[in-house]
Amino acid sequence: MIYLDNAATTPMRPEASAAMQPYLGDRFGNPSGIHAVSRRAKDAIEEARERIAAALGAAHPLEIVFTGGGTDADNLAVVGSALASGGGVVTTAVEHDAVLESARFVERLGHPVTIVGVDGDGRVDPAAIVAVVGDDTAVVSVMSANNETGVIQPGREVADALAAAAPGVLFHTDAVQAFASLPVTVEATGADMISVSAHKIGGPQGVGCLYVRDGVELEPVIHGGGQELGRRSGTHNVAGIVGFAAAVEAAVADRGRFRSVVGSARDRFESELASRVKVDVTGADTERLVSHAHLRFPGVRSETLLIRLDQAGIAAAAGAACHSGAQLTSHVMEAMGVPPDQGAEAVRFSFGWNDVTATAGAAATVVADVVETLQ
Ligand code: PLP
């Protein structure tokens, strides 16, 4: 199987699985207790917090709130900041559902929510964001890069425009997809809150964090024993958090190689395909993550292609995860103004940290062979 679905999840980096092993064995303590077994687990969590804070350039480790992954972090950022201030949410039409559904939830609670549209490449105009921010806005949430297309948003420009026009409004960025290849730091993003997920960067599933700038007030979304200074209750996933920290460090150290090696593998994949079959590349003329190839093979429906590719040994994804099975196009394609029949032809191939050089050429050959029979 050639695995080209790294935007969905990545294989674990060896650094992460090795770091986790002791915590899946005899280092099993609950970090909330007072005895030595618990203290050992607590120390591991605090060390992981320090390392992740350093990687993000946070001013203090306690600005890192461990969560059960990216969805959990996005909910805390969007719902938590809206509830804490009583204000509303401004976000974009191409966000992950973790942000969009959180915004719709706070809207049902009576808060004002504005969803800003994007251009044909899926990018938002910072001026359009600032234009709809008002006194009643608690938070603006703009993803660093899109999970379907890989298109990079002008996040820093949004942060700067907000700081100038509406300094009291919080800025959140979902950096779940961007983290592997872009310099995601507090400084670079200019964000008050940043969501990161372990399993997209070579760490385990079900763990992540929200960076929360010191002084930002959040109403918790998950209530219980008061872990994470009351911001996110629930017994810690100690092994997961330790693996997450190892994955963060490995991913940061690997970013330079990732951008060049994965980028050339992706480019080679796309150009070899273009030399054999008809293919449209989403965002080809704009800034996009080196890991993503969001392609449309005119005349070939994505569901048919994906089944044939699976049979041929290639793991890829539809442009969007089809939640109901009935969805033909995604909200991202729709927001970009892509006609439904074209949206239904979108396929995402996403490259990851391992094994790309050898597989790009082989994958292009198999995909072109399959597409040729369907086009
Ligand atoms: N945000 C983005 C941009 C994503 O791509 C994903 C995962 O698909 C998430 C959030 C959700 O992260 P998790 O799977 O860790 O809940």
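What you are looking at is a predicted structure, and each value in this text was computed from that prediction instead of being measured. (Residues numbered from 1 in each chain as written. Predicted model: local features only at pLDDT ≥ 70, side-chain atom pairs only at ≥ 80, totals over all residues. Heavy atoms only, no water.)

## Looking at the site of the ligand
Lining the immediate surroundings of the ligand are 13 residues, of which Thr71, Asp174, Gln177, Ser197 and Lys200 lie closest. Note that an oxygen atom of the ligand is positioned 2.6 Å from one of the side-chain N or O atoms of Thr71. Burial of the ligand by the surrounding chains reaches 86%, relative to a free accessible area of 390 Å². In terms of residue count, helix α3 (residues 70-85) provides more of the shell around the ligand than any other element does, 3 residues in total. Here the residues of the shell around the ligand sort into 2 nonpolar, 8 polar and 3 charged. (Near = heavy atom within 4 Å. Polar contact = N/O pair within 3.5 Å; in protein donor to acceptor, adjacent residues only side chain to side chain. Areas by Shrake-Rupley, 256 points an atom, 1.4 Å probe, with all protein chains shown as cover. Helix = DSSP H or I, 4+ residues; strand = E, 2+ residues; numbered from the N terminus. Nonpolar A, V, L, I, M, F, W, Y, C, P; charged D, E, K, R; others polar.)

## So, the packing of helix α2 (residues 36-56) against helix α8 (residues 238-276)
Where α2 contacts α8, the axes come no closer than 9 Å and their chain directions differ by 25°. Here α2 lies roughly parallel to α8, going by the angle between them. Considering how the two elements wind past one another, α2 and α8 form a crossing that is left-handed. Two secondary-structure elements touch here, α2 through Ala41, Ala44, Ile45, Ala48, Arg51, Ile52 and Ala55 and α8 through Val238, Ile241, Val242, Phe244, Ala245, Ala246, Val248, Glu249 and Val252. Looking at side-chain class alone, the contact of α2 with α8 contains 14 nonpolar, no polar and 2 charged residues. (Axes fitted to C-alpha atoms, helices over the stretch in contact; angles between N-to-C directions. Parallel < 35°, antiparallel > 145°, perpendicular 65-115°, else oblique. Left-handed = near helix turned anticlockwise from the far one by under 90°. Contact = heavy atoms within 4.5 Å.)

## Describing the domain arrangement of the chain
The parts lose accessible area when they come together, and the size of an interface is often stated as this lost area. Domain parsing of the chain yields domain 1 (2-7 + 255-374) and domain 2 (14-250). With centres defined by C-alpha atoms, the gap from domain 1 to domain 2 works out at 27 Å. With 24 residues of domain 1 at the contact, the number on the domain 2 side is 30 residues. With both sides pooled, the region where domain 1 packs onto domain 2 buries about 2300 Å², and carbon together with sulfur makes up 53% of that total. Along the contact surface separating domain 1 from domain 2 lie 1 salt bridge. In this structure, Arg123 engages Glu287 in a salt bridge whose closest nitrogen and oxygen atoms are separated by 3.9 Å. Applying the counting criterion to the domain 1 and domain 2 interface returns 12 residue pairs in polar contact (both at pLDDT 80 or more). (Domains from an automatic or database assignment. Buried area = accessible area lost by both parts, 1.4 Å probe. Salt bridge = Lys/Arg side-chain N within 4 Å of Asp/Glu carboxyl O.)

## Points about the pattern of salt bridges
One pass over the full model with this rule turns up 22 salt bridges. Note that Arg49 is salt-bridged to Glu228, the shortest N-O span being 2.8 Å. Separated by 179 residues along the polypeptide, Arg49 in helix α2 and Glu228 in the loop between β8 (208-212) and α8 bring together distant segments of the chain. Among the residues examined, Arg49 registers a relative accessible area of 4% and is labelled buried. Of the charged contacts, one joins Arg296 and Asp280 as a salt bridge, the two residues approaching to 2.7 Å between their closest N and O atoms. With Arg296 in strand β10 (residues 292-296) and Asp280 in strand β9 (residues 280-281), the pair connects residues that are 16 residues apart, well separated along the chain. According to the relative accessible area criterion, Asp280 is partly exposed, its value standing at 37%. (Buried < 20%, exposed > 50% of the residue type's maximum accessible area, 1.4 Å probe, protein only.)

## Regarding the nonpolar core
Counting 94 residues, the largest nonpolar core has Val140, Phe244, Phe269, Phe297 and Phe349 as its most contacted members. The element best represented in this core is α8, accounting for 15 residues. In terms of domain composition, this core takes at least three residues from each of domain 1 (2-7 + 255-374) and domain 2 (14-250). Apart from the residues within four sequence positions on either side, Phe349 is in contact with Leu4, Phe269, Ser291, His292, Ala293, Leu295, Phe297, Leu309, Ile314, Ala316 and Val367. Listed in part, the 19 residues of the second largest apolar core include Val65, Val78, Leu170 and Met193. (Core = buried A, V, L, I, M, F, W, Y, C linked by side-chain atoms within 4.5 Å.)

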